[in-house]
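# Structural features, examined
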Amino acid sequence: MLKQWILLAALIVASPPLLAQAPVPAASTQGQQVAPKQSPEEWQRKHDEALKYHSLEDFYNAMKKDAAGKPKLPLPDWSGLWTADYYDTFRDCLGGGGCYFKPGPTGASPKLTPVALAELKRGMEMTAKGQVYDENLSNCGPAGYPRWLTEPFMREEIVTPNETWLLTEQMNEIRRVYTDGRDHTAKIDRYPLPEGDSVGFWDGQKLVIHTDQLDARSMGRNLPSQSEQMETVEIWEKTDPKTITVDVWLFDPRLYLEPWYVRRLYALVPNPKKDLRLQYWDCHENPNNDVTKAPDGDTNFNGFDFSGKKNDKSKQ
Amino acid sequence: MRNNLRGPVLVMALLVLSPLVVEAHHGGSMFEPQKEITVTGVVKEFQYTNPHSWLLVDVTNKDGSVTTWGFEAEGPGVMMRNGIHKGDLAPGTKVTVTAHPMKDGTPAGSWVKAVRGDGVVFDPRFRGTETPNDAPAPNSSTAPPAH
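Computed from a predicted model, the values in this text were never measured in an experiment. (Residues numbered from 1 in each chain as written. Chains lettered and ligands numbered in written order. Predicted model: local features only at pLDDT ≥ 70, side-chain atom pairs only at ≥ 80, totals over all residues.)

## Describing the overall build of chain A
Helices and strands together make up the secondary structure of chain A, namely four helices and 13 strands. For chain A, the residues scored as buried account for 40% of the 316 residues in total. The contacts in chain A between residues at least 6 apart in sequence include a share of 61% that link residues at least 24 apart. (Helix = DSSP H or I, 4+ residues; strand = E, 2+ residues; numbered from the N terminus. Buried ≥ 20, exposed ≤ 12 C-beta atoms within 10 Å, placed from the backbone. Contact = placed C-beta atoms within 7 Å.)

Rendered as C-alpha cells:
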C-alpha cells in the first residue's frame, strides 16, 4: 500500500513541471464556454440506474418498453455543427477516453478489474516518459467507439425518421443508429467493428442507443484496451439551443466490475457565415504528417520534405 | 486493503498525468514544449491539410543562405474556426513565427503564433466559443503585435 501512495505522491509532486511542458490548447484558456453543471446527486442517480439490470442491453430494453407507451413527438432539430472542445478540456475527457477511468463528480472511482488497473499503471508510466504513440490515431486509423465520444473537432448529427447518423470530422468516423425497429445484426453475421452496431429508439425527443459488436482497441492514448464484449447505452438530448447532452453507460467485463457512467456535452459551433463545413479528412494527404512508432514507444516524424507542394498529389 | 486502494490511487494519478496527451493525431513529444523560437521569413507554402497544417517559411540566414522551416498546427477545421484561411498566408508573405522547436534540431516546430507583416496575429490552436464568427477575430490588426 505504501508503495502505491508513494507513487501517487511522486506523480503529484512531479506534475507541475509535466503540466508546464504540456502544449495546453487555447480552448482551456481562451473564452471556453462554461459547461452546464451536473450535480453530484444527479450523477449518482444516473450512475445507479444501470446497476439495477443484469446487462446494459436489459437496461436499454427496459427503457424501450417504457417509451413504447408514450406519445410520439416530432423529431428534434439537431442541425448545425457541434463540438466537444468548447465544453471540455484535455485535462478532463477531451481527446481520448480519460473520463472512462477517472472519478465522477461525487469522487467515486470506476470499479476496475486487475487487468484495467495494470494497463492504467503501464499507460501512466509511458505517458510520464513522453511515450505517447497512439496505435489508432498515429497511423490514421479511427479512434473507434466509445472513445469517439471524447474526440475534439467538429461533428454533425443527422436525424432522419429511420436512422440517425452521428459524424465526426476526425478520420471521417460515422456511426449509424437504426431507429426503424430493427434489432442488432444477427449473430451469424457479426464481426468486430470500430464503431460497433447501434440500434435506437426515440423517447420523446431523446434518442436512446444500444451499441455492441465493437472491436478490441485502446480506449485512448496510453489507456486500457476494451474487449469485444464492450457494450454501451447512450441517451442523446438537445438540452438547450446550444447544447446536446449525452448520458453514457459503458460496461466491458475486461475493464469494469460494474457499469460506469459519464456525461458528454457537445456545443453548437457558431457559424453565421455558413463558411464552416465538415470536410473529408484525408490523413495521408500531407507526407509531413506521417509518423512512426519508436522502439521505446515514442512518436517520431518520418522525416520532412519542405520543398513545397508535397500535399498536392498531382505534382508528386 | 492494498488491492482496495490500488484502483483509486491509479485513477487519481491518471487525473494528474492525463493533460500531457493533447494532440489529436500524434503526441507532442517530438517538440520541445518549454522552449520557444522566433524566426522571420517569407511564406513558401501554407499546407492547409489534415490532420495537421504546415506553414513553410523561407528564412534567410546570416550567411545569406536560405533555410526552409516548417511549422505544424491544427487542421483546416480548427484553422477555419480560428479565422485562419489558406489565403491569409499566401506565398511571398512576410511573417514572424513563434514555435516550440523540434527536439532533434530539425528546422521545424509546433506553431504557437504567426505575425504577418501587417501585424495580424494568427493563433492556430484550439479556442473557445469566441470564434471570429461571433466575436472580434484574433486575426485582426487590433491584435497585439508579436514580441
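Moving on, there is more to tell.
## Looking at the pairing of strand E10 (residues 243-251) of chain A
Residue and element names in this part refer to chain A. Sheet topology places strand E9 (residues 231-240) next to E10; nine bridges connect them, and they run antiparallel. Its bridge partner lying in E10, Glu234 is registered against Val248. Here E9 hands over to E10 after two residues, the two strands then running antiparallel side by side. The sheet contact formed by E10 and strand E11 (residues 260-268) spans eight bridges and is antiparallel. Across the sheet, the residue bridging to Ile244 is Tyr266, located in E11. (Pairing = 2+ DSSP bridges.)

## Some details on the sheet that holds E9 of chain A
Residues and elements named next belong to chain A. Overall, mixed pairing links the nine strands, which are arranged E1-E2-E3-E4-E5-E6-E9-E10-E11 in a closed barrel. Where strand E1 (residues 82-83) meets E11, two bridges bridge the pair, whose relative direction is antiparallel. Counted as the bridge partner of Thr83 is Ala267 from E11.

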